[in-house]
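# Tertiary structure, described
Given next are the chains, with one letter for each unit.
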Amino acid sequence: MNTAGKPGRPRAGAERLSRDAILAAALRIVDDEGVEAMTMRRLAGTLGVNPMSIYHHLPNKAAVFAGLAEVVFAGLESVRPRPGASWQDELKDAARAYRAALRAHPNLALQVLSDPSAVSDVVVVTVEPFYRALDRGGLAPRAIFESVNTIVDFVHGFLLGELSVRAATFDLAPDLVDRVDKLPDGQAPTLTRVVRSLGREGLHYDFDSGFESALTVLVNGIESTVR
């Protein structure tokens, strides 16, 4: 059949192109291959469209990453407190949810932690539960702002440690015990006493329990300022 002169049909990718589809494809690229792999040309190739088609929905790469922040973190903003939860528990739940969202997409998390504009995109869609909990606790606006910054910075720093190890535990004990045993008498006596008291088993580090311990210290410190 002669099709000369007839307008060509749009490519299959263009027919289904939408902002949600673009962001879903971008997140797959970031999750599978890292942030550096996510270029507009690569994204267009994955979707089977001309790169210019994407710009109708998202004007540049920065807008794509801002959209990814919405996709990954926006659900945190709408999380409601558990019935009967104290403001302290609500604050801990917010920190746990934020950590979980970052851990689910570690490559995107590294982008968030290294790009100030990406941090701003995430803050807008994540901090409401933190602010709400601290407001319930009776903190003044400045104290709320500083407390949330401290907790978010803690989560970010803790996550960097997790991502560098990429395991649930970090076995510090063997090397630390051996080094302490070789110290000259009188050097670092408190460290020596603590390490020998805990022993190899006591020095075994689990990231989940470590996170909970540190979070409790932070929340207790914030609570003390209210008192």
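Presented here is a report on the structure given in the accompanying data block. Bear in mind that the values here come from a model prediction, so they are computed numbers and not experimental data.

Of regular secondary structure, the chain possesses 13 helices and two strands. The 227 residues of the chain split such that 37% are buried. When contacts within the chain are restricted to residue pairs at least 6 apart in sequence, those whose partners lie at least 24 apart make up 75%.

Looking now at the packing of helix α6 (residues 87-104) against helix α9 (residues 128-136). The N-to-C vectors of α6 and α9 enclose an angle of 165°; their axes lie 8 Å apart at closest approach. With respect to α9, the element α6 is oriented roughly antiparallel. Note that α6 runs across α9; the crossing there is left-handed. Within the contact between the two elements, α6 uses W87, E90, L91, A94, A95 and Y98 and α9 uses P129, F130, R132, A133, L134 and R136. The class makeup of the residues in the contact of α6 with α9 is nine nonpolar, no polar and three charged.

Applying the stated rule across the entire model yields seven aromatic pairs. Between F73 and Y98, the aromatic rings sit 5.9 Å apart at their centres with planes inclined by 50°, giving tilted as the arrangement. Remark: Y98 occurs in helix α6 and F73 occurs in helix α5 (residues 61-73); sequence separation between them is 25 residues. Taken individually, F73 and Y98 each receive the classification buried, so the pair is uniform in this respect. Between the aromatic rings of Y205 and F207, the centroid separation amounts to 5.3 Å while the plane-to-plane angle is 90°, which identifies the pairing as edge-to-face. Among the residues examined, F207 registers a relative accessible area of 7% and is labelled buried. Among the aromatic residues, ring-to-ring pairing joins F154, F158, Y205, F207 and F211 into one connected group.

Counting across every chain of the model gives 15 salt bridges. Note that E70 is salt-bridged to R19, the shortest N-O span being 3.5 Å. Residue E70 is located in helix α5, and its partner R19 is located in helix α2 (residues 19-33); the two are separated by 51 residues in the primary sequence. Where R103 meets D208, a salt bridge forms, and the shortest distance between an N and an O atom there is 3.4 Å. Here R103, found in helix α6, pairs with D208, found in helix α13 (residues 207-226); they are 105 residues apart in sequence, far enough to count as distant.

What follows deals with the nonpolar core. Grouped together as the largest cluster of nonpolar side chains are 57 residues, with contacts concentrated most on L43, V64, L68, F73, L91 and Y98. For this core, the leading source of residues is helix α10 (residues 141-165), giving nine residues. Apart from the residues lying within four places of it in its own chain, the contact partners of L91 are F130, A133, L134, I151, V219 and I222.

Close contact between α2 and helix α3 (residues 40-47) brings their axes to 10 Å; oriented N to C, the two are set at 110°. Relative to α3, the element α2 lies roughly perpendicular. Both α2 and α3 take part in a crossing whose hand is right-handed. Residues A21, I22, A25, A26, I29 and E33 of α2 touch α3, and the partners they reach there are R42, L43, T46 and L47. Here the contact of α2 with α3 is composed, by residue class, of seven nonpolar, one polar and two charged.

Each value, and the rule that gives it
Sequence positions are assigned chain by chain, starting from 1 and proceeding in written order. Where local features are concerned, this predicted model is filtered to residues with pLDDT of at least 70; where side-chain atom pairs are given and counted, the filter is 80 or more; whole-chain, interface and lining totals use all residues. Excluded from the side-chain calculation are hydrogens and water; included are all heavy atoms of the structure. Each helix is a run of H or I in the DSSP string that is no shorter than four residues. Each strand is a run of E no shorter than two, and both are numbered from the N terminus. Here's how the labels work: a residue is buried when its accessible area is under 20% of the maximum for its type, exposed when over 50%, partly exposed in between, all with a 1.4 Å probe on protein chains only. Two residues form a contact once any of their heavy atoms are found within 4.5 Å. To get an axis, a line is fitted to the C-alpha atoms, and for a helix only the part in contact is used. The angle between two axes follows their N-to-C directions and goes from 0 to 180 degrees. Oblique is the label for any angle not under 35 degrees, not over 145, and not in the 65 to 115 range, which are roughly parallel, roughly antiparallel and roughly perpendicular in turn. Handedness of each helix crossing follows the sense of rotation of the near helix against the far helix: counterclockwise by less than a right angle gives left-handed, clockwise gives right-handed. Each residue gets one label: Ala, Val, Leu, Ile, Met, Phe, Trp, Tyr, Cys and Pro are nonpolar, Asp, Glu, Lys and Arg are charged, and the others, such as Gly, are polar. Pairing of aromatic side chains here covers Phe, Tyr and the six-membered ring of Trp, requires ring centres within 6.5 Å, and sorts the geometry by plane angle: under 30 degrees stacked, over 60 edge-to-face, intermediate tilted. Salt bridge, as used here: a side-chain nitrogen of Lys or Arg that lies within 4 Å of a carboxyl oxygen of Asp or Glu. Nonpolar cores were defined as sets of buried Ala, Val, Leu, Ile, Met, Phe, Trp, Tyr and Cys residues, with membership established by side-chain atoms within 4.5 Å.

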